[in-house]
Amino acid sequence: MAPVQLVVIVVGIPLWWKTTETYRAWLPFSDINQLDILQLQLSVDVEVVFSRGTLTTEQQKKVPHNLVNVKEHHVDVIYVVPESSLLLPEGVKVYIGRRRTALLRSSLVKSSWTLNEVLSNMNPEVEQIVGTMSFNHQEIVAALSDRVRMTKVTKESMADSMRAIKSSPGYEITFSLLNPDPKSHNLHWDIEGALQSYIQPLLNKLAPIANFSVDSQILYYAVLGVNPRFDDGVSGYTLSADSLSHVINPVEARLGSNAASSNPVLNFLLYVPDAHHSPLFIRDHSRREVPSNAFHSPRWGGIMVYNVNAMYGPEAERPVAININMAKVMGVFLAQLRLMLGVQSTRPPVGFVLDSPGSAGLADWELDRLMWSRTVENIATASTTITSLAQLLDQIGNIVINDNIAEQVSSAVTSLQAAVAQLKAGNLVFALQYSREAILASEKAFFDPSLLHLLYFPDDQKFAIYIPLFLPMCVPIVLSLFKIMSEMKQRQVDKQAKSD
Amino acid sequence: MAAHRYSLSFLFVFIFSNVPLHCSCDTLEQADSIVETQRAPQSNKATANRAEFNERQWQASDTELDKDETTDSQSLRGAAAPPVFKDQLQEELVIRPLPSGDIYASFQFRTLWDVDFLQDGHKVSHYRLFPKSLGQVLSKFSVRELHISFTQGFWRTMQWGQPFIPSPPGAELWVWFHHTVTDVDGNWRELTNVLSGIFCASLNFIDLTNTVQPSASFKPLGLGNAVHIRPVCKDDQCTGKAWELRQTLNVVFDLYTSGQGKKEWSLFKMFSRTLTEACPLASSSKVYGELFELSPSTPLLSQAVVLGDRRTYSVYDLSRSETFGQLRSLNLLLRWKADSGMKIYSIAVYLLMYGLCYFLADMLRPLLHAERYVSGFGLQIGEIHTVIYNNHPYRAFPVLLMDSVPWYLQIYIHTLTVTSKNRENKPSEFSLQFMIVHE
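As annotated in an unreviewed UniProt entry, chain B carries the name Phosphatidylinositol glycan anchor biosynthesis class T and is attributed to Danionella cerebrum.

By the naming in an unreviewed UniProt entry, chain A is GPI transamidase component PIG-S, taken from Danionella cerebrum. Recorded under Pathway (unreviewed entry), the UniProt text for chain A is reproduced unchanged: "Glycolipid biosynthesis; glycosylphosphatidylinositol-anchor biosynthesis."

Written out as structure tokens, the structure reads:
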């Protein structure tokens, strides 16, 4: 019929279409859309153990006698003790121990109740305990604060939610000793030993949450940005709370961040004031002296001022050699580190007594709380990243989707789904692991540079390239097509005329 | 105060070197750096009284490479033994008047640290005198030796002689990686980006289009090449490894005083301040002035061999309080007569009084120097000439020339001709390396 036109239409056009399309690997868009409607269900296992004297004999018969193996998953165990028990001091209702156990003083139990009624009567107290030991509504909402607007925002809860550093796979912690006056003070600190004994146990315990890398340095001739004022009352110099925000700026340029990694950095500075401005005290907003002589800046780190003027007399030969008391310093830094990492200083409800955190600096249930909020935060962030990436890829048809990006996205989606399932089942450790994997995969996919290859290739350019090539060639083809069509019409008209 | 102008060269050089200590420690004298000799110089043409004079005047150099101990143990209340530090800082300033009337001031700060960055398994985390940002860069990229220099201006070799550390204008970065590094290109790219962040310099524009990997020239300075950097021994037996960070700042001052022929300079005129104390962190702090009628005078003298020439310097040790005198401040002054007068005056005076030889300005002309110029224009007629001069009276030197040509300059290799003394010469070795053109 018309071989050229046939070839062009049948072979040419599909070939051109196929060879000029961008490579887009398949993405699980439907699953991603599902993730957008993030519905989290968190459950925690609680075991209630009734001790002798809390239940009547009939009620006792109903209670099973086997003990769940508490080592396998994170189970909070609540021991119910009789009302008259002397284990708990007067007026104290609940005692929360260091390792996920709690003592609850039983309230009045009527002998006519069934076991279910007994349990439902204890419900509010158990909820309170679990809320302190695992998670409660406010915390979860704070962790999701990127996606969910906090309804009841108090100043305190806002401050709490902004203090902890954002979830990240790893952190760098840097301890710096600032010596503005090396002529007078020759400072020595045994930082290595102090880190081993005070900070490292805490970091080891926090290992499931993130990787930590610790280092230290000494900065000489580093001055604070503020001139402290002399106060006759304490015969020393004071820094007021308002000026504290200006203190960090000139020092920060010299601190340096780790060139070896892109993890967020937490800085802890120990400042020994120079001989002319000693002693130096910090005043808080109500003009009272801060006993620890330290302050911290949310999501950045902390500073402690260490006065050494009491350690030498005026006749001492300069520079004076001074050994810094690391126990005092590390105590303050440890407390600040806990706050920075998000271990909330909980205000327990009335009648609750909390045990001290122990040698590692962190109680087991505090770790649990951190893990819950971290998991939720990770899941929220990862799902936000993935859904926005999917939207972007959907809208802009120009972006190349390589195989490795598709792989990362798929693995992120499966990890997220697994994390949500584990949260529902109450397996905290696995949920945290999956959520960390999901975050890593989603960040990798989102920030991949290969996405940008053909991004800035506008359509006008395509036409500018095609028209000089194809237009001259197409003109005779199109004209001949018209001619064929008009010939066919003519023939039809002739046929009609003939049959008539 | 006379008007000062910073003349051209303004160099700022960082040098890190891993200094292996399996060296032979007899090379304590250096061609390029200023050192104090441990033994009395025997190779001079010394007269009898001069040898005596040496014993009185030469300072026994204490290469105190051992620890910077803390003093004043009575102020420690119940403390343990004074802490022992593994790193130390030495600072020195060399002032040399140049024959053209300018003053060349070279600051050098050396930090020596007895640690191994590249050791596996043991991460270096605790820094004192050595900067943490640089230490972490070294360990992350497995760097064996690194030199960075930033230069503004141009060093006039013909008029000023050789600088202590030669560097081209602009920024220059040399790195030697450890042999365990497999992906050198990737490492190099990351390293330039990190360093450009640390120094606020656009080193990240040093990408593969203007980087070369020299195969024959540029041996690492720290390894056995005794010409440039002195291997540092921890003790007499030379055991163990140490890292040396050398930061130098070279400035040439252009002092035009109103007096004719009389060129005077002083520390106060150059820097608007005098020296009042040594750095409390430094284990040694010295100022070296080249010996012409310097005031205040000092009993300490030092000799060093610089680029084949022996020079004499006055040493001012800032760690001793008597250096600062009554006024508690040190201001080096120099009065310098006109050139021709100086020549005769100095030979007479110094030969007479000190019996030393003072070499003339001719001595400052470097033995080897190179020039380059362009002739012609365009791709057909244009030529680039590189001329290398050898000023030694009788010796011939083998020369290795490494040239890095940017991608936009298209030169024809077959048109390369080497001529010496107007006769054609063939290079004994010629190697060509293509880098990627343009991404």
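Moving on from the coordinates now.
Points about the UniProt feature "transmembrane region" (unreviewed entry) in chain A
When the UniProt feature table is mapped onto this chain numbering, "transmembrane region" (unreviewed entry) sits at residues 463-482 of chain A. Across residues 463-482 of chain A, helical content stands at 100% and strand content at 0%; the span's end C-alpha atoms are separated by 24 Å.

Describing the side chain of B:Ser196
Residues and elements named next belong to chain B. Relative to the helices and strands, Ser196 is located in helix H4 (residues 184-199). The buried category is assigned to Ser196, whose relative accessible area is 10%. Within polar-contact distance, the side chain of Ser196 engages the backbone oxygen of Asn193 at 2.9 Å. Setting aside residues no more than four positions away along its own chain, Ser196 makes contact with Ala201, Ser202, Leu203 and Asn204.

Structural notes on unusual backbone geometry
The peptide bond linking A:Ser278 to A:Pro279 adopts the cis configuration, its omega dihedral lying at -15°. Relative to the elements of secondary structure, A:Pro279 occurs in the loop between strand S10 (265-271) and strand S11 (280-282). Cis geometry marks the peptide bond from A:Arg318 to A:Pro319; its omega dihedral reads -10°. The residue A:Pro319 is located in the loop between strand S13 (301-305) and strand S14 (320-323) in this model. Its identity as a non-glycine residue notwithstanding, A:Arg287 has a phi of 60°, on the positive side. With respect to the secondary-structure elements, A:Arg287 resides in the loop between S11 and strand S12 (294-297). Backbone geometry at B:Lys421 places phi at a positive 55°, although glycine is not the residue there. Judged by relative accessible area, B:Lys421 falls into the exposed class, the value being 79%.

Description of the interface of chain B and chain A
The partner chain A presents 31 residues to the 23 residues of chain B that form the contact. Approximately 2300 Å² of surface area, both sides summed, lies buried where chain B meets chain A, with 54% of it carried by carbon and sulfur atoms. Connecting chain B to chain A are 2 salt bridges. Here A:Asp215 makes a salt bridge to B:Lys132, at a shortest N to O gap of 3.4 Å. Seen at the junction of chain B and chain A, the total is 7 residue pairs in polar contact (both at pLDDT 80 or more).

So, the domain arrangement of chain A
Quite often, the size of an interface is put as the accessible area lost when its parts meet. On domain assignment, one finds that chain A holds domain 1 (2-16 + 457-499), domain 2 (43-134) and domain 3 (166-341). Centre-to-centre, using C-alpha coordinates, domain 1 of chain A lies 85 Å away from domain 2 of chain A.

Brief notes about the pairing of S10(A)
All names here are of chain A. Of all 7 residues in S10, 6 are buried; the element is thus mostly enclosed. Pairing between S10 and S13: 5 bridges, direction parallel. Bridged to Leu269 within S13 is Ile303.

Details of the nonpolar core
Formed by 87 residues in total, the largest nonpolar core has its most connected members in A:Phe175, A:Trp189, A:Leu270, A:Ile324, A:Met330, A:Leu337 and A:Val409. Counting residues per element, this core draws most heavily on helix H10 (residues 364-395) of chain A, which supplies 12 residues. Setting aside residues no more than four positions away along its own chain, A:Ile324 makes contact with A:Leu177, A:Leu187, A:His188, A:Trp189, A:Leu270, A:Val272, A:Tyr306 and A:Val329. By size, the runner-up hydrophobic cluster in this structure holds 26 residues, among which are B:Trp113, B:Leu138, B:Phe177 and B:Leu191.

The rules behind these values
- Residues numbered from 1 in each chain as written.
- Chains lettered and ligands numbered in written order.
- Predicted model: local features only at pLDDT ≥ 70, side-chain atom pairs only at ≥ 80, totals over all residues.
- Heavy atoms only, no water.
- UniProt positions renumbered as here; feature names shortened; annotations may be inferred.
- Helix = DSSP H or I, 4+ residues; strand = E, 2+ residues; numbered from the N terminus.
- Buried < 20%, exposed > 50% of the residue type's maximum accessible area, 1.4 Å probe, protein only.
- Polar contact = N/O pair within 3.5 Å; in protein donor to acceptor, adjacent residues only side chain to side chain.
- Contact = heavy atoms within 4.5 Å.
- Buried area = accessible area lost by both parts, 1.4 Å probe.
- Salt bridge = Lys/Arg side-chain N within 4 Å of Asp/Glu carboxyl O.
- Domains from an automatic or database assignment.
- Pairing = 2+ DSSP bridges.
- Core = buried A, V, L, I, M, F, W, Y, C linked by side-chain atoms within 4.5 Å.

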